[in-house]
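Fold and contact review
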Amino acid sequence: MEQRKVIEVKQNILAANDAAADQFRAGRRQEGTFFVDVMASPGAGKTTLLLALIAQLRALGVEDLGVIEADLESDVDALKIKEAGVASVELNTRGVCHVEMGMVERAFAAFGGMHFDYLFLENIGNLVCPAEFDTGAHTRVMLLSVPEGWDKVMKYPPMFAAVDALIVTKCDYLPLNEDFDMERLKQEARRLNPSLEIFITSARTGEGMPELAAWFQKTRAEKLGL
Ligand SMILES: Nc1nc2c(ncn2[C@@H]2O[C@H](COP(=O)(O)OP(=O)(O)OP(=O)(O)O)[C@@H](O)[C@H]2O)c(=O)[nH]1
Ligand SMILES: [Mg+2]
């Protein structure tokens, strides 16, 4: 009996979050803002990839870019983004391991009505909880860095099933990680998620970055009906 109550509460929270997420998504679509949720474990290279991706998008003529930097506590990543001349808002979850809609709405309001072609959310470093919470994004992507190992796909399947794209990062480490089985990673990830796009990238060498930027441009046009 006790257990049933707990499950109902969780379902109510998720349903309210989903409704707010749909509303947020529709509002940004009308404004021409493509909202992207970037998820990964701590240190997988989220901030570094965002900076490299933003440079690629700027080279393609995209001007209005913003980042919501979610962190348990610090402003370290938000400052890195600001230093690159990109609008950013720091979202401190005060220990909460994922981002919910109330937090996204407050962070978005803090931009004070700025217009964005792209708005990125760097979610909390965590391969578990963020997969469950719709953040109102038009597309969700995850990063898996080569040093973490290919077999994370076996250990955290909900995250791989929840995203539109898997971005393998730090591929410059591949020669040092001989046990990283890229083919098995692709095979298992596509078994969980047959329509998954997979990109092999290195923010350090630039490998795979033009292809990734092109995919974002195509997906933005599709999702916003441009
Ligand atoms: N060799 C190599 N190192 C990278 C690459 N991308 C990121 N790094 C390094 O990996 C470390 C973590 O990168 P971040 O971008 O801070 O990772 P993050 O996922 O944003 O980390 P948190 O926000 O703390 O979860 C830094 O020392 C980066 O320089 C890459 O493509 N190649
Ligand atoms: Mg970061």
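The paragraphs below set out a description of the structure included in this document. Fair warning: this is a prediction, and the values are worked out from it, not measured in the lab.

Looking now at the overall build of the protein. When you go through the protein residue by residue, the secondary structure sums to 8 helices and 7 strands. Taking 17 Å as the expected radius of gyration for a compact globule of 226 residues, we find that the protein reaches 17 Å, a close match to that expectation. Oriented by its inertia axes, the alpha-carbon framework of the protein measures out at about 50 × 50 × 35 Å. For the protein, the proportion of contacts with a sequence separation of at least 24, taken over those separated by at least 6, is 73%. On the protein, roughly 10800 Å² of surface is accessible, and the fraction owed to carbon and sulfur atoms is 52%. Distance between charge centroids for the protein: 3 Å, based on 24 positive and 34 negative side chains.

Turning next to unusual backbone geometry. A positive phi is found at Arg94, a non-glycine position, where the angle reads about 50 degrees. Within the element layout of this structure, Arg94 appears in the loop between strand E3 (87-92) and helix H4 (101-109). The backbone of Lys170 shows a phi angle near 60 degrees, a positive value even though the residue is not glycine. By the secondary structure assignment, Lys170 is in the loop between strand E6 (165-169) and helix H7 (182-192).

Turning to H7, its buried residues number three or more, namely Met182, Leu185, Glu188 and Ala189. For H7, the angular spread of the buried residues around the axis is 135 degrees, confining them to a single face. Residues of H7 that are exposed and point over 90 degrees away from its buried face: Glu183, Gln187 and Arg191. If you follow the buried residues of H7, they end up packed against strand E5 (139-145), helix H5 (152-155), helix H6 (157-162), E6 and strand E7 (197-200).

Within the structure shown, the criterion is met by 11 salt bridges. A salt bridge links Asp134 to Arg25; the nearest nitrogen and oxygen atoms lie 2.9 Å apart. Highlighted residues: Asp134 in the loop between strand E4 (118-122) and E5 and Arg25 in helix H1 (residues 2-31), separated in sequence by 109 residues. On the basis of relative accessible area, Arg25 is assigned to the buried category, the value being 19%.

Cut-off values and rules
Residues numbered from 1 in each chain as written. Chains lettered and ligands numbered in written order. Predicted model: local features only at pLDDT ≥ 70, side-chain atom pairs only at ≥ 80, totals over all residues. Heavy atoms only, no water. Helix = DSSP H or I, 4+ residues; strand = E, 2+ residues; numbered from the N terminus. Rg over C-alpha atoms; globule rule 2.2 N^0.38 Å. Contact = heavy atoms within 4.5 Å. Areas by Shrake-Rupley, 256 points an atom, 1.4 Å probe, with all protein chains shown as cover. Lys, Arg positive; Asp, Glu negative; His and termini not counted. Charge placed at Lys NZ, Arg CZ, Asp CG, Glu CD. Buried < 20%, exposed > 50% of the residue type's maximum accessible area, 1.4 Å probe, protein only. Arc of directions from axis to C-beta. Salt bridge = Lys/Arg side-chain N within 4 Å of Asp/Glu carboxyl O.

In short, shape yes, function no, at least from these values alone.
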